[in-house]
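As a plain string of letters, each chain reads:
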Amino acid sequence: MQSSIHLKTNSKSLALADTGKTGILLINLGTPEATDYRSMRRYLKQFLSDKRVVESSGPVWWLVLNGIILRKRPKTSGRAYDLIWNRELDESPLKTVTRSQAAALAKMFGGKANVVVDWAMRYGKPSIDDVLQRLTDKGCDRILLFPLYPQYSGATTGTALDNVFDVLKTMRHQPTIRSVAPYYDHPAHIKALADSIRAHHATLDWEPEVTIASLHGLPVDFIKKGDPYQDQCEATVAMLREELGFPDWKLLLTYQSRSGRTEWLTPDTEETAVGLARDGIKNLTIIAPGFATDCIETLEELHIRAVDAFLKAGGVNCSVIPCLNDSTDSINMLKTLIDSNLQGWI
Ligand SMILES: C=CC1=C(C)c2cc3[nH]c(cc4nc(cc5[nH]c(cc1n2)c(C)c5CCC(=O)O)C(CCC(=O)O)=C4C)c(C)c3C=C
Ligand SMILES: [Fe+2]
Ligand SMILES: [Fe+2]
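Conventions adopted
- Residues numbered from 1 in each chain as written.
- Chains lettered and ligands numbered in written order.
- Predicted model: local features only at pLDDT ≥ 70, side-chain atom pairs only at ≥ 80, totals over all residues.
- UniProt positions renumbered as here; feature names shortened; annotations may be inferred.
- Helix = DSSP H or I, 4+ residues; strand = E, 2+ residues; numbered from the N terminus.
- Buried ≥ 20, exposed ≤ 12 C-beta atoms within 10 Å, placed from the backbone.
- Contact = placed C-beta atoms within 7 Å.
- Pairing = 2+ DSSP bridges.
- Axes fitted to C-alpha atoms, helices over the stretch in contact; angles between N-to-C directions.
- Domains from an automatic or database assignment.
- Nonpolar A, V, L, I, M, F, W, Y, C, P; charged D, E, K, R; others polar.
- Near = placed C-beta within 6 Å.
- Core = buried A, V, L, I, M, F, W, Y, C linked by C-beta atoms within 7 Å.

Some words on the UniProt feature "binding site: Fe(2+)" (unreviewed entry) in the protein
Feature annotation in UniProt assigns "binding site: Fe(2+)" (unreviewed entry) to the following positions: His216 and Glu297. Spatially, the listed residues are clustered: although they cover 82 residues, their C-alpha atoms lie within 8.1 Å of one another. One can find histidine 216 in strand S7 (residues 210-216). On the basis of neighbour count, histidine 216 is assigned to the buried category, with 26 C-beta atoms found within 10 Å. With near-sequence residues (within four places) excluded, histidine 216 lies in contact with Gln256, Ser257, Gly290 and Glu297. Here glutamate 297 shows up in helix H10 (residues 296-299). When sequence neighbours within four positions are dropped, the list of residues in contact with glutamate 297 reads His216, Gln256, Ser257 and Phe291.

Given below as structure tokens:
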């Protein structure tokens with residue numbers, strides 16, 4: 001019995017008898033609390049002040065961010081979120097699905113009282129800070145971090161891990177940490193994506209001529225400075241083509257969500273869709289193999305805007321394949337990745 005020995009964590013004390021649990025922390029990108037101007041502004045300010053996302057700094061950037069971007073952008077982004085908002089739960093779909101992924105994984109760990117699955121957002125709530133505290137309060141002295149991004153970028157995985165270590169800096173008794181590696185090339189991931197394409201195509205009463213694999217864009221400068229994101233995106237799409245037996249032209253890699261004046265990765269998703277329609281392609285599908293979870297970038301930018309642009313340019317049929325989300329295939333794949341990272345822990 002060691003219950004009398006107490007170690008200090010942040011402000012609370014943790015009895016040794018309560019330790020020995022493993023926490024699994026799913027980390028996703030973020031979400032505003034609501035779509036009104038103030039909530040959107042708060043969310044975007046946190047997001048766009050992150051030096052891993054926007055590297056500009058100094059008084060000029062401060063003026064641009066506060067004087068221009070944070071005046072207009074909350075309104076336009078709020079309108080976009082309004083189109084996809086989960087009204088039943090009054091939250092963004094990204095939050096709904098991330099919670100559901102965590103719940104499904106917790107269920108898979110079923111009877112194991114020594115495993116706790118939780119989820120957090122890099123921007124907005126539940127914050128990484130709060131959830132790490134919750135896990136340590138529950139007695140998790142080992143935590144497996146799982147940033148839900150198949151391809152690594154400093155702007156996504158990097159900043160999520162930075163945030164975790166910023167929180168650990170404040171703890172006297174830090175939990176032991178592991179993190180799941182980027183899984184852009186994991187056979188279980190490629191298989192789950194390929195199966196989702198096959199299954200979706202089988203539901204259509206038309207034959208897709210081309211499929212676009214749309215990944216989130218990134219400034220070219222980030223890549224030049226060493227971010228491996230583009231290589232990992234290219235690897236995912238090359239492996240998908242191989243798994244599906246598609247030639248290059250049948251599964252095209254494009255990048256979406258370009259913003260600002262700097263040069264971003266190309267070709268652009270919407271421009272490619274329009275170009276295909278103008279070249280006579282009538283039937284198109286789009287998949288987003290960089291997003292583990294449907295979000296504004298897929299539900300608004302692809303399902304609404306890209307489809308619309310393709311149809312207006314002369315296309316006839318266009319359908320977006322859902323992200324892997326909380327599908328059985330997805331949860332099995334995530335569980336495979338988690339299991340291989342938990343070796344020796346449980
Ligand atoms: C302007 C800089 C941005 C970079 C660089 C960037 C990279 C990047 N983002 C994702 C994934 C997601 N981004 C999402 C929303 C979003 N992204 C930016 C800006 C950059 N992203 C903004 C301002 C926003 C907010 C919404 C908006 O105003 O458009 C989301 C969706 C969140 C949701 O709640 O649905 C995801 C997911 C990746 C993968 C990436 C680079 C690799
Ligand atoms: Fe983004
Ligand atoms: Fe974006």
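Notes on the sheet that holds strand S8 (residues 251-256)
Taking strand neighbours across the sheet as the criterion, the four strands line up as S8-S7-S9-S10 in an open arrangement whose pairing is parallel. The open sheet has two edge strands with one neighbour each: S8 and strand S10 (317-320). Within this sheet the neighbouring strands show an average axis-to-axis angle of 25°, counted without direction. Direction of pairing for strand S9 (residues 283-287) relative to S10: parallel, over a ladder of four bridges. Following the sheet pairing, leucine 284 is matched in S10 by cysteine 318.

Some words on the domain arrangement of the protein
Domain assignment breaks the protein into domain 1 (37-84) and domain 2 (187-320). Each of domain 1 and domain 2 has a C-alpha centre, and the two are 26 Å apart. Counting residues at the interface gives four residues for domain 1, matched by four residues for domain 2. When grouped by side-chain class, the residues that make up the side of domain 1 that touches domain 2 number four nonpolar, no polar and no charged.

Observations regarding the site of ligand 1
Taken together, 25 residues form the shell around ligand 1, and within it Ser77, Ser153, His216, Cys295 and Ile296 come nearest. Secondary-structure elements contributing two or more residues to the shell around ligand 1 are strand S3 (21-30), helix H1 (37-48), helix H5 (154-169) and H10. When residues in the shell around ligand 1 are grouped by element, the largest group, three residues, is from H1. Its residues assigned to classes, the shell around ligand 1 shows 14 nonpolar, ten polar and one charged. Each of two domains, domain 1 (37-84) and domain 2 (187-320), supplies a minimum of three residues to the shell around ligand 1.

A few points about the nonpolar core
Within the largest apolar cluster, 83 residues are counted, with the highest numbers of intra-cluster contacts made by Leu25, Ile27, Leu145, Phe146, Ala213, Leu240 and Ile286. Each of domain 1 (37-84) and domain 2 (187-320) gives at least three residues to this core. When sequence neighbours within four positions are dropped, the list of residues in contact with isoleucine 27 reads Ala120, Arg122, Ile128, Leu145, Phe146, Pro147, Leu148 and Ala160.

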